[in-house]
Amino acid sequence: MPVQKVNDSSDLDAKVPSHLQRTSITSLTMTSEPSHRCVKTQEDPLQRTAEHTSINVIFFGTLAKDFSQSARQGDVVLLADFTIKKSPSFLRDKLHPCQLEMDGKDDFVYVSVICLHFKILSIAKYTYVPLNDLKPRTVVNVYGVVTFFKQPFPSKGSDYCSTLKITDQSDVKVGCNIFSKKLEDHPILFRVGDIIRLHRFKTDVFRDSMSLLNTFGWSTVTFDGTTDSPVVPRTSSKSFHFGESDIRTVQELRQWAANQSWISNDLKVSLSMVKPGMYFDLTCQLLAKAVMDSRCILLKVWDGTKCQHPLLNVAVASDALEGESTVVKDRMNLTANVLVYDNHLEVARELKPGTFLQFYNLHALLQRAPDQQPDQSEHLSFHLHGGTSYGRGLRSLPAESPALQSLKSVLEKHVDLVEYDEVNDGTLLEIWYTPPEAVGWWRLFWFPISVQFFLSMRTCEHNTRRLTLARVKRSTPPLSCHVRARVKKYKPQQLYQCLKLFCSNCKTMEDVPDDSAVAKVFRESAKDSQPCDEQWAATSSASSREPGRTISMHISRDMVGESTHMQLIFIEGTTLDEICVLSRDYKNLVPVRSVNSRMTLMDLTAPFLFSGDKRYYGCKKCSLNTFQNPVFTGVETWDEQAVAKALGVQLMQYRLLIQFELEDQTDTLEALLWENTERFFHVSAVDASGSQDLQDKIQTIMDTIQPPDSSLEERPWLDLCLSVYSVKDDDRNKVCYQITNTEIKEE
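Residues numbered from 1 in each chain as written. Predicted model: local features only at pLDDT ≥ 70, side-chain atom pairs only at ≥ 80, totals over all residues. Heavy atoms only, no water.

(A) Spatial organisation of the overall build of the protein chain. In terms of helices and strands, the protein chain carries 18 helices and 37 strands. The 747 residues of the protein chain split such that 46% are buried. Summed over all atoms, the accessible surface of the protein chain reaches about 38400 Å², with 49% contributed by carbon and sulfur. (Helix = DSSP H or I, 4+ residues; strand = E, 2+ residues; numbered from the N terminus. Buried < 20%, exposed > 50% of the residue type's maximum accessible area, 1.4 Å probe, protein only. Areas by Shrake-Rupley, 256 points an atom, 1.4 Å probe, with all protein chains shown as cover.)

(B) Quick look at the sheet that holds strand β13 (residues 209–223). Overall, mixed pairing links the five strands, which are arranged β9-β10-β11-β13-β12 in a closed barrel. Recorded for the sheet is a direction-independent mean angle of 50° between the axes of neighbouring strands. Pairing of strand β9 (residues 139–154) with strand β12 (residues 195–206) involves six bridges; the strand directions are antiparallel. Counterpart to Val 142 in the pairing with β12 is Leu 198. (Pairing = 2+ DSSP bridges. Axes fitted to C-alpha atoms, helices over the stretch in contact; angles between N-to-C directions.)

(C) Seen up close, the packing of aromatic side chains. Applying the stated criterion across every chain yields a total of nine aromatic pairs. Judged by centre distance (5.0 Å) and plane angle (55°), the ring pair of Tyr 128 and Tyr 143 falls under tilted. Note that Tyr 128 is positioned in the loop between α4 (118–122) and β9 and Tyr 143 in strand β9, a separation of 15 residues in sequence. On the basis of relative accessibility, which here comes to 23%, the residue Tyr 128 falls in the partly exposed class. Its guanidinium or amino end placed over the ring of Trp 302, Lys 329 lies 4.8 Å from that ring's centre, counting from NZ or CZ. (Phe/Tyr/Trp six-rings, centres within 6.5 Å; stacked < 30°, edge-to-face > 60°. Lys NZ or Arg CZ within 6 Å of the ring centre and 35° of its normal.)

(D) Spatial organisation of the pattern of salt bridges. What the rule picks out here adds up to 17 salt bridges. With a shortest N-O distance of 2.9 Å, Lys 156 and Asp 696 are connected by a salt bridge. Remark: Asp 696 occurs in helix α18 (residues 692–705) and Lys 156 occurs in the loop between β9 and β10 (160–167); sequence separation between them is 540 residues. Given a relative accessible area of 67%, Lys 156 falls into the exposed group. Here the salt bridges share partners, and the residues they tie into one network are Lys 488, Lys 489, Glu 661 and Glu 663. (Salt bridge = Lys/Arg side-chain N within 4 Å of Asp/Glu carboxyl O.)

(E) Expanded view of unusual backbone geometry. For the bond running from Pro 477 to Pro 478, omega is 0°, close enough to zero to count as cis. Residue placement: Pro 478 occurs in the loop between α12 (469–474) and β22 (479–491). In the segment running from Lys 491 into Pro 492, the intervening peptide bond is cis, with an omega of 5°. Following the sequence through the fold, Pro 492 ends up in the loop between β22 and β23 (499–502). Here the phi dihedral of Arg 137 falls at roughly 60°; this positive angle occurs in a residue that is not glycine. Position of Arg 137 among the secondary structure elements: in the loop between α4 and β9.

(F) Structural context of the nonpolar core. Within the largest apolar cluster, 53 residues are counted, with the highest numbers of intra-cluster contacts made by Ile 658, Phe 660, Phe 681 and Met 702. Ranked by residues supplied to this core, first place goes to β22 with five residues. Not counting residues within four places of it along the chain, the set of residues in contact with Phe 660 comprises Val 487, Lys 489, Tyr 490, Leu 669, Glu 670, Ala 671, Leu 673, Met 702 and Ile 739. (Core = buried A, V, L, I, M, F, W, Y, C linked by side-chain atoms within 4.5 Å. Contact = heavy atoms within 4.5 Å.)

(G) Structural view of the environment of Glu 252. Mapped onto the fold, Glu 252 is located in helix α5 (residues 244–258). Using a relative accessible area of 46% as the deciding quantity, one classes Glu 252 as partly exposed. Taking the C-alpha atoms as reference points, Glu 252 and Thr 227, separated by 25 residues in sequence, lie 9.4 Å from one another.

(H) Seen up close, the sheet that holds strand β4 (residues 56–59). If you trace the three strands from one edge of the open sheet to the other, you get β4-β7-β6, paired in mixed fashion. Looking at strand neighbours, the two that pair on one side only are β4 and β6 (83–86), the edges of this open sheet. On average, each strand axis in the sheet is tilted by 30° relative to the strand beside it, whichever way the strands run. Pairing of β6 with strand β7 (residues 98–102), which is carried by four bridges, proceeds in the antiparallel orientation. Bridging across to β7, Ile 84 finds its partner in Leu 100.

This is how it looks when you write it as structure tokens:
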């Protein structure tokens, strides 16, 4: 076995074969000969006392499995016969510029287990860092008051993700992301103002703000934020440190938070306060529930208060309802019918009648039932839309929660309400009877809401009747028409591939180059690079971390003295990672290379301009790619258009391209979403190229149009405007279809 345990760290030295030489982490370099060396170190992400004393070690194959089962944080390890490689994460994690790789063939590892007794743990001392003192890329322990949070939701991987923001007496707000496969490991948060303790979280800077991410050995403990409530820790962990100092810290944070305006502006309201159009948080009790279909569950809840508006009663067969009868409460306008959709169904299915609930970002809407006349007043309905925006979600509350004290006292006033088991004929007709012509009415009526608060809406002005897909395919182009169809499938399935580069001059369309291709262009341009010598430019140079490579920055002499946001900076000799880091602080960076001491653009496989998170590309066919007599004066604002013009580059536009296969009862048809894509998604393609949030928005909409693992019958109908036209293809006319004048309506 390549991993062996020893009882004491002093025994490790005896295990070192005589032909091996002991070396330190700080003395390791790329030129070190690893075959006759060994390293003794300790697993501890908090210990960084000197530069380059910590190094990344990568284990492969069975060695990785053996090590994960044998070692834990704090153990001392001896590594031998490793391979030394350049660390690709050096610029980000600020650890050693090298990393050690062990594949298990000739390598071996000795682990000295450090025994920790309970007595030692019980008196452990933790140091907590104020949020305004956080430094990037360190592992810290912090306390904070929760100002925003989302309930755990599935990430794109195998973990659940919790997102929250915290603050403390420094008034600095810090974002935090927690990833864990187990839901029970996530923090137990009920409302804004709760207190949270985070142990062993790594700091980093994201979008110019400090953020926290759980790392090895992490843990969380939460507390109710109410000033006078007992300090009771909430955690799923069976063993954790908690002492008098923690109680004092929680009480101090409670007192401070109680005087903050954002606490008093809490969105939690009672049903008696709800107005149409509101998004609000609701604490209530579940009376009954019913599964409407695979994408919607009805929850009948109350909080003991009477809503000022008539409440909509959703008709459900009595045998489909789980829980007590709500007839009396319905008549008294005490029952709220909440329709829960999409990703919240997993929680809703597990709820039992009688459970106390907390809704977050619940939406109140005025709507009519299908059998209502236009002159009749609308009723108030409640919807928990899909997604997690604005913290949207729901969770059960423990019966002993301090937040339920006021709710329970209100509910006790209605203890005399009796729900009769026997109901008369009038009640049956009023509540349970659904006329034959209204079968399935709620599906049609709630369709726009059940697809997560998105609605497919035509924006065209022409008034044509709707056609079936079979009729559309028989029609003669050109034609504009309306159709109603479902999405059978779409491509590309990997939505990042739908982002394209389009040249409006030569009509060329290309995929956006991946980072590996761009990084290769930068590496080749940086080889033996000598600084350019241009009379119009002021130049400054600095040595890079790699021997023989110089990084140079050039700026027009006309721009010297202007703010960095007004400058156009030409940079030479960098890697892709380095220019991405620099672009956070400089608005317009143009990567260049030197040819015979003259400045020229890099191969246009790489972006010709970096601006913050965005990258701009030029067309290889149409760009002049020249610096002859550049003119940098008379430009008020340097945007991508102005930069491209000054450099002789034909700017390529970002476009989104998706192909749908549509289907209705009559036929299938393939249609492109191309010229109308940005309007359809309410997303700019160039903004989406540099924003993960906007890319996630597009993915969420597509998951709504075609929910994962859904059958065609479960997918929503879309109202679309289609353009039918013909194009030349090998001297033949080919009929094409494109979705136009259609958008997803956002409430």
